[in-house]
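So you can see what is in the structure, the chains are spelled out below.
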Amino acid sequence: MYIADLHIHSKYSRATSRDCDTAHLDFISVLNNLAVIYNRQKNTEKAVETHKRVLSVVEDILGKDHVFYGDVITNLGVDYSFAGDYDKAIEYHNKALEI
């Protein structure tokens, strides 16, 4: 799990570093990491809430067409899967496929 997290963070850093300033990147990264921690604590409600906040910030700063927007949509699908809400998980994973 940690190796996958590092891979995602590395991919995200390369994809976004040319698109916005470091302060915004750090803020987005910290929020996303916080949501991952909530998931690991089995606090899926807080994970969903935090990933939705990440999604809003990414949309405002990078736009819906940015690769990281799709990654956050996928993360929300994972959140809902961990919560046992498989219909919602499928919905979010399908949204990610459309991006």
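Use the structure listed above.
All residue numbers here refer to positions counted from 1 along the written sequence of the relevant chain. A pLDDT threshold of at least 70 governs which residues receive local features in this predicted model, and a stricter bar of 80 or more applies before side-chain atom pairs are shown or counted, although totals over entire chains, interfaces and linings include all residues. Note: side-chain values were computed over all heavy atoms of the structure, leaving out hydrogens and water.

Caption draft 1: Geometry of the packing of helix 3 (residues 44-61) against helix 4 (residues 67-83). Between N-to-C directions, angles cover 0 to 180 degrees, with each direction set by a line fitted to C-alpha atoms, over the stretch in contact for helices. Only runs of H or I of at least four residues qualify as helices and only runs of E of at least two qualify as strands under DSSP, and these elements are numbered from the N terminus. Between helix 3 and helix 4, whose axes approach to 9 Å, the crossing angle comes to 170 degrees. In terms of orientation, helix 3 and helix 4 fall into the roughly antiparallel class. Counted together, T44, A47, V48, H51, K52, V54, L55, V58 and E59 of helix 3 and F68, Y69, V72, I73, N75, L76, D79, Y80, F82 and A83 of helix 4 form the full contact between these two elements. Side-chain classes follow a simple rule in which Ala, Val, Leu, Ile, Met, Phe, Trp, Tyr, Cys and Pro form the nonpolar group, Asp, Glu, Lys and Arg form the charged group, and the remainder, Gly included, forms the polar group. Tallied by class, residues from the contact of helix 3 with helix 4 come to 13 nonpolar, three polar and three charged. Any angle between 65 and 115 degrees counts as roughly perpendicular, while under 35 counts as roughly parallel, over 145 as roughly antiparallel, and the rest as oblique. Residue contacts are defined here by distance: any two heavy atoms, one from each residue, within 4.5 Å place the two residues in contact.

Caption draft 2: Molecular detail of helix 5 (residues 86-98). Take the number of residues in a helix, subtract one, and multiply by 1.5 Å to get its expected span. Along its 13 residues, helix 5 runs 18 Å from first to last C-alpha, staying within 8% of the 18 Å computed at 1.5 Å per residue. Using a 1.4 Å probe on the protein chains alone, a residue whose accessible area is under 20% of its type maximum counts as buried, one over 50% counts as exposed, and one in between counts as partly exposed. Those residues of helix 5 lying buried are A89, Y92 and A96. Viewed along the axis of helix 5, the buried residues span an arc of 70 degrees, placing them on a single side of the element. The exposed set on the far side of helix 5, more than 90 degrees from its buried face, consists of D87, I90, L97 and E98. Considering only its buried residues, helix 5 is in contact with helix 3 and helix 4. What the arc measures is the spread of directions leading from the helix axis to the C-beta atoms.

Caption draft 3: A look at the packing of aromatic side chains. Ring geometry is summarised as follows: Phe, Tyr and Trp rings, the Trp one being its six-membered ring, pair when their centres sit within 6.5 Å, and such pairs are stacked at plane angles under 30 degrees, edge-to-face over 60 and tilted between the two. Taken as a whole, this structure holds one aromatic pair when the rule is applied. Ring centres of Y80 and Y92 lie 5.3 Å apart, and the angle between their planes is 25 degrees; this geometry places the pair in the stacked category. Of this pair, Y80 sits in helix 4 while Y92 is found in helix 5, placing the two residues 12 residues apart along the sequence. Overall, the relative accessible area of 8% leaves Y92 in the buried class. Lysine NZ or arginine CZ positioned within 6 Å of the ring centre and within 35 degrees of the ring normal marks a charge as sitting over the ring. Over the face of the ring belonging to Y80 we find K88, whose NZ or CZ atom lies 5.9 Å from the ring centre. A cation over a ring is seen here: K95 above Y92, with NZ or CZ 4.5 Å from the ring centre.

Caption draft 4: The arrangement of the environment of A96 in detail. Topologically, A96 is positioned in helix 5. The class of A96 is buried, set by a relative accessible area of 15%. Linking A96 and V67, residues 29 residues apart in sequence, is a C-alpha distance of 9.8 Å.

Caption draft 5: Structural context of helix 3. Here helix 3 spans 25 Å end to end across 18 residues, near enough to the 26 Å set by a 1.5 Å rise per residue. Among the residues of helix 3, T44, A47, V48, T50, H51, V54, L55, V57 and V58 are the ones counted as buried. Backbone geometry just after helix 3 places G63 at a positive phi near 95 degrees.

Caption draft 6: Seen up close, the packing of helix 4 against helix 5. Two numbers describe how helix 4 lies on helix 5: the axes approach to 7 Å, and their chain directions differ by 165 degrees. When the interaxial angle is binned, helix 4 and helix 5 end up roughly antiparallel. Helix 4 and helix 5 meet at a crossing whose hand is left-handed. Each of G70, I73, T74, L76, G77, V78, Y80 and S81 in helix 4 lies in contact with helix 5, whose residues at this interface are Y86, K88, A89, Y92, H93, K95 and A96. Considering only residue class, the contact of helix 4 with helix 5 consists of eight nonpolar, five polar and two charged. By the definition used in this description, the sense in which the near helix is turned from the far one sets the handedness, with an anticlockwise turn below a right angle giving left-handed and a clockwise turn giving right-handed.

Remember, this is a structural readout, not a statement about activity or role.
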